[in-house]
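# A look at the structure
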Amino acid sequence: MLNGKTIAFLVAPEGVEQVELTEPWKAVKQAGGTPRLVSTDRGQIRAFHHLDKADTFAVDDTVDSAEATAFAGLVLPGGVANPDYLRTVPQAVQFVRAFFDAGKPVAAICHAPWTLIEADVVRGRTLTSWPSLRTDLRNAGATWEDQEVMVCTAGPNTLVTSRKPDDLKAFCQAATDAFGE
């Protein structure tokens, strides 16, 4: 259902929760799509298993050269350090905002909505996230729900969010459904 569609995965040079990168990546490939790893730096990114270093992955594009128009959707994996870093990089924030401006689907899991808050795209939307982001999201104008997966269409695009790695099955299904529409 994603044949011919390329999906961006935006991550920081280090700190992404590996399973929140690799499971949606596999789901996009299994649905016939082409995942592309986008980061702030060229070379490789370092994933983590919570606080422990995990594998490295080759970067396909950087935020200073990638354009949202080249992609059918965006995945924002979590991990605490990953979105915390991305929200401090103006080009990364603009890259995320561009998907909303273009009406393209975005899927964010765990701590990833921090980057959405910085991009000022959560006001009036209903999301879920890692529970510690609840107050941040509410302060940014979102409605927060403690659900396995939330699919919000009350905005310029479809926004899929989930809380944690345990929610990945539902997150991957909802994300690939949104990218396939």
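Residues numbered from 1 in each chain as written. Predicted model: local features only at pLDDT ≥ 70, side-chain atom pairs only at ≥ 80, totals over all residues. Heavy atoms only, no water.

Moving on, we come to the nonpolar core. Within the largest apolar cluster, 34 residues are counted, with the highest numbers of intra-cluster contacts made by Leu 10, Leu 74, Leu 76, Phe 95 and Leu 116. Listing elements by their share of this core, those giving two or more residues are β1 (6-10), β7 (73-76), α3 (90-101), β8 (106-109) and α4 (113-118). Counting residues in hydrophobic clusters, the runner-up holds 26 residues, among them Val 11, Ile 45, Cys 110 and Phe 179. (Core = buried A, V, L, I, M, F, W, Y, C linked by side-chain atoms within 4.5 Å. Buried < 20%, exposed > 50% of the residue type's maximum accessible area, 1.4 Å probe, protein only. Helix = DSSP H or I, 4+ residues; strand = E, 2+ residues; numbered from the N terminus.)

Strand order in this open sheet of three strands is β2-β4-β5, and the pairing throughout is mixed. Looking along the sheet, the strands with just one partner apiece sit at the ends: β2 (14-17) and β5 (52-58). Recorded for the sheet is a direction-independent mean angle of 45° between the axes of neighbouring strands. Bridge analysis of β2 against strand β4 (residues 44-49) gives three bridges, and the strand direction is parallel. Across the sheet, the residue bridging to Val 16 is Ala 47, located in β4. With respect to the sheet, helix α1 (residues 18-30) is in contact with β2, β4 and β5, its orientation differing from that of β2 by roughly 55°. (Pairing = 2+ DSSP bridges. Axes fitted to C-alpha atoms, helices over the stretch in contact; angles between N-to-C directions. Contact = heavy atoms within 4.5 Å.)

Treat this as a map of the structure, not an account of what it does.
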